[in-house]
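# Chain and residue survey
Chain residues, written in single-letter form:
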Amino acid sequence: MQIHGDGVRVGVHSGQQYTSFAEALKLWRTAEDLGYDWVSLFDHFRPPMGGPAGPCFEGTSLLAALAARTSRIRCAVLVSAVTWRHPALAAAVAATIDHVSDGRLEFGMGAAGADLAYDQYGIPFPDAGTRLDMLDEACRVGRALWDGGPVTFDGKHFRLDAAHLEPRPVQRRLPLVIGGEGERRMLRIVAEHADIWNTLAGTPDSYRGKLRSLAGHAAAVGRDSADIRKSVTFRAILAESEHEALERKERLVRTLGADSPVWPEYLVFGTPEQCVERLRPYLDLGVRDFLLGARPPVDWETVELFARRVAPALRARTAT
């Protein structure tokens, strides 16, 4: 059975490119007050967006602080990079934050992507195949430690010798989110280990193809892909009229530039009703977690319109 059942959840993927803790806390508390189900950070040290000197808090320590200052909303990292931490350390971080949040953590893991920290800090960045191997091992180590020990593991990249993790997470099964979309290797790892699979929304046709690949991998490991909760992340600019939304888009183009890598993440520039229609195909394909990207400068109008008018419509479609 799918974790969290079949109901729709909506979230804000906030990132942490702020210059003060107060800015990050304001978004998290606003999301909680607006009725969002989830809010998340990423796990970059020096994200490419913002330039080589752009601000970025360390993700897991900020996540713990924000979890301690909220009370209801699910708290997540999307996703922890296998290049930053030994998986036993990542598992211990996750267990600690699950206690800080009183059992509200959803811990994401991924194979790591572009980050200026590899050059700036001299951190090794293995090739994609190696990172995927590391991710597979990290998922095995993390789950084994969360489920109890002692754990002995002899992998190619990580080794544990009668390792313990205490206290274990508050949640009986801490949800493991895996982020990525590579159909040959990544989705195989998702099929084996993930409670929740997250990727960028892309197009309905491309998403449908990835679902087919995931189903094939799941069958190969003796699992029903329907038991893996589906999650998509996207961006939007919402307004009371499409004209107003497009005007705000043009202002953002002047700020970010027309060639910014962020534009493919935008799914809609329009009204809340248009947003519902753009998300409906994903709902029909089984997506149940819809995560709105809201990195600074935060588009507060979009955050509020999505919570008040898009989220209820999405939830109503699965409640009937």
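Residues numbered from 1 in each chain as written. Predicted model: local features only at pLDDT ≥ 70, side-chain atom pairs only at ≥ 80, totals over all residues. Heavy atoms only, no water.

### Overview of the packing of helix α3 (residues 87–100) against helix α5 (residues 128–147)
At a minimum axis distance of 9 Å, the contact between α3 and α5 shows a crossing angle of 45°. On the basis of their axis angle, the class for α3 and α5 is oblique. The element α3 and its partner α5 pack so that their crossing is right-handed. Along the contact surface, α3 presents Pro87, Ala88, Ala91, Ala94 and Ala95, while α5 presents Ala138, Val141, Gly142, Leu145 and Trp146. Looking at the contact of α3 with α5, its residues break down into 9 nonpolar, 1 polar and no charged. (Axes fitted to C-alpha atoms, helices over the stretch in contact; angles between N-to-C directions. Helix = DSSP H or I, 4+ residues; strand = E, 2+ residues; numbered from the N terminus. Parallel < 35°, antiparallel > 145°, perpendicular 65-115°, else oblique. Left-handed = near helix turned anticlockwise from the far one by under 90°. Contact = heavy atoms within 4.5 Å. Nonpolar A, V, L, I, M, F, W, Y, C, P; charged D, E, K, R; others polar.)

### Concerning the pairing of strand β9 (residues 229–238)
Taking burial as the measure, the 10 residues of β9 include 10 buried ones, the bulk of the element. Burial along β9 is two-sided: Arg229, Ser231, Thr233, Arg235 and Ile237 facing one way and Lys230, Val232, Phe234, Ala236 and Leu238 facing the other are all buried. With 5 bridges joining them, strand β8 (residues 196–200) and β9 adopt parallel strand pairing. Paired with Trp197 across the bridge in β9 is Lys230. As paired strands, β9 and strand β11 (residues 287–293) are joined by 5 bridges and run parallel to one another. (Buried < 20%, exposed > 50% of the residue type's maximum accessible area, 1.4 Å probe, protein only. Pairing = 2+ DSSP bridges.)

### Some remarks on the UniProt feature "domain: Luciferase-like" (unreviewed entry) in the protein chain
Residues given the UniProt feature "domain: Luciferase-like" (unreviewed entry) here are residues 13–255. Its end C-alpha atoms 21 Å apart, residues 13–255 is made of 41% helix and 19% strand. (UniProt positions renumbered as here; feature names shortened; annotations may be inferred.)

### Describing the packing of aromatic side chains
Under the counting rule described, the total for this entry stands at 11 aromatic pairs. Plain terms: the ring middles of Trp84 and Tyr118 are 4.8 Å apart, the flat faces sit at 20° to each other, and that makes the pair stacked. Here Trp84 is found in the loop between β3 (74–81) and α3, whereas its partner Tyr118 is found in helix α4 (residues 117–120), with 34 residues between them in sequence. Pair check on accessibility: Trp84 and Tyr118 agree, each one buried. Look at Phe234 and Phe306: their rings are 5.8 Å apart centre to centre, the planes differ by 55°, and that puts the pair in the tilted class. Here the residue Phe234 occupies a position in strand β9, and Phe306 occupies one in helix α10 (residues 300–319), the gap between them amounting to 72 residues. When its relative accessible area of 0% is taken as the criterion, Phe306 is described as buried. Of the aromatic side chains, those joined through ring pairs into one cluster are Phe45, Trp84, Tyr118 and Phe125. (Phe/Tyr/Trp six-rings, centres within 6.5 Å; stacked < 30°, edge-to-face > 60°.)

### With respect to helix α1 (residues 21–33)
Relative to the 18 Å expected for 13 residues at 1.5 Å per residue, α1 spans 18 Å between its end C-alpha atoms, a close match to the ideal helical length. Among the residues of α1, Ala24, Leu25, Leu27, Trp28, Ala31 and Glu32 are the ones counted as buried. When α1 is viewed along its axis, its buried side chains cluster within an angular range of 160° and face the same direction. Turned more than 90 degrees away from the buried face of α1, the exposed residues are Ala22 and Asp33. (Expected span 1.5 Å × (residues − 1). Arc of directions from axis to C-beta.)

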